[in-house]
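An overview of the molecular structure
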Amino acid sequence: MREMTDPLFSTLSLAIRLLVALLLGFQFCLVVWLNMSSPGLAWLVWVTVAILLCAMLLSVFFAPAVRLGAISSGGVLLAMLKALLGVSLLLLVLILQVFVFPLVALLVPLAVGLIAAFTLGGGNRALSVGVAATNWLGVGVALIMLASAQSNEPGNDLGGLVFNLIVAGVVLGFGLAIVGSLLGRLFYLWAFS
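What this report covers is the structure whose coordinates are included nearby. Computed from a predicted model, the values in this text were never measured in an experiment.

Quick look at the packing of helix 5 (residues 107-120) against helix 6 (residues 125-151)
As a packed pair, helix 5 and helix 6 sit with axes 8 Å apart at the nearest point and diverge in direction by 130 degrees. Taken together, helix 5 and helix 6 sit at an angle that is classed as oblique. Crossing of helix 5 against helix 6: the hand is right-handed. Residues Val108, Pro109, Val112, Gly113, Ala116, Ala117 and Leu120 of helix 5 pack against Leu127, Ser128, Val131, Ala132, Asn135, Trp136 and Val139 of helix 6. In terms of residue class, the contact of helix 5 with helix 6 is built from 11 nonpolar, 3 polar and no charged.

What about helix 5?
A turn of α-helix holds 3.6 residues, and therefore any two residues three or four places apart point the same way. With 14 residues, helix 5 extends 20 Å between its outermost C-alpha atoms, agreeing within 8% with the 20 Å of an ideal straight helix rising 1.5 Å per residue. Across the 14 residues that make up helix 5, a large majority, 11, are buried. Inspection of helix 5 places Pro109, Ala111, Val112, Gly113, Leu114, Ile115, Ala116, Ala117, Phe118, Thr119 and Leu120 among the buried residues, and these make up the whole buried set.

Observations concerning the nonpolar core
By size, the foremost hydrophobic cluster in this structure holds 17 residues, and its most contacted members are Met56, Val60, Val66, Val76, Phe118 and Phe187. Listed by contribution, the elements that provide at least two residues to this core are helix 2 (43-61), helix 4 (73-100), helix 5 and helix 7 (159-191). Here this core gets 4 residues from one element, more than from any other, and that element is helix 4. Apart from residues lying up to four places away in sequence, Val76 is in contact with Val60, Val66 and Ile71.

Remarks on helix 6
For helix 6, built from 27 residues, the straight-helix expectation of 39 Å at 1.5 Å per residue is met to within 8% by its first-to-last C-alpha distance of 38 Å. The opening residue of helix 6, the one whose side-chain oxygen lies 3.0 Å from the backbone nitrogen of Ala126, is Asn124.

With respect to a nonpolar patch on the surface
On the surface, Leu19, Leu22, Leu23, Leu137, Val141 and Met145 cluster together to form a nonpolar patch covering roughly 510 Å² of accessible area. Those elements that place two or more of their residues in the nonpolar patch are helix 1 (11-37) and helix 6.

Comments concerning the side chain of Thr134
Among the structural elements, Thr134 can be located in helix 6. Every residue in contact with Thr134, bar those within four places of it in the chain, is listed here: Leu18, Ala21 and Leu22.

Some details on the environment of Ala116
Among the secondary structure elements, Ala116 is positioned in helix 5. What makes Ala116 buried here is its relative accessible area of 1%. The spatial distance from the C-alpha of Ala116 to the C-alpha of Leu22 is 9.6 Å, given a sequence separation of 94 residues. If we ignore the near neighbours within four places in the chain, the residues touching Ala116 are Gly121, Val131, Ala132 and Asn135.

The rules behind each value
Residues numbered from 1 in each chain as written. Predicted model: local features only at pLDDT ≥ 70, side-chain atom pairs only at ≥ 80, totals over all residues. Heavy atoms only, no water. Axes fitted to C-alpha atoms, helices over the stretch in contact; angles between N-to-C directions. Helix = DSSP H or I, 4+ residues; strand = E, 2+ residues; numbered from the N terminus. Parallel < 35°, antiparallel > 145°, perpendicular 65-115°, else oblique. Left-handed = near helix turned anticlockwise from the far one by under 90°. Contact = heavy atoms within 4.5 Å. Nonpolar A, V, L, I, M, F, W, Y, C, P; charged D, E, K, R; others polar. Expected span 1.5 Å × (residues − 1). Buried < 20%, exposed > 50% of the residue type's maximum accessible area, 1.4 Å probe, protein only. Core = buried A, V, L, I, M, F, W, Y, C linked by side-chain atoms within 4.5 Å. Polar contact = N/O pair within 3.5 Å; in protein donor to acceptor, adjacent residues only side chain to side chain. Patch = residues over 30% accessible without salt bridge, like charges linked within 9 Å, V, L, I, M, F, W, Y side chains within 5 Å. Areas by Shrake-Rupley, 256 points an atom, 1.4 Å probe, with all protein chains shown as cover. Salt bridge = Lys/Arg side-chain N within 4 Å of Asp/Glu carboxyl O.

Here is the structure:
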């Protein structure tokens, strides 16, 4: 077991990781919402993907084993290629789900949890679950705020029903985000194997 003096467990590092996870989740939800409400802003989704991809590659570059020199430059390159391959496959599955299978909403919390755990979890199970849950909290808070605003618009007779369904979806999404965090941790460990 790691000692509490490990930089992964420092209070400041943990707080920063959780804050970044919350902000990544919040921006993910807002960009997707803006894209749906205004087709002219469709390019924002690709900005979000680029931000998440850069964060994943930086997490490989700044991994403790890389910083301590335990992994050669060839190993770092291999880990980055594995990360790119994994993200590409994940994005491909999500894109295909949108067009082929309408239950894509089930995969979003799973993907969000996987990306958060890989980027911020550092291969630690508890930290991976924590950052994935915090990331989904950011998505959920933004979703609930936006759904609340729309459900209170005049003439929206089904606003309460939609709001309740979104709240239920956010709550169920926590379970899927946690499953995604465990997959993200395994993906992180595979990238550095």
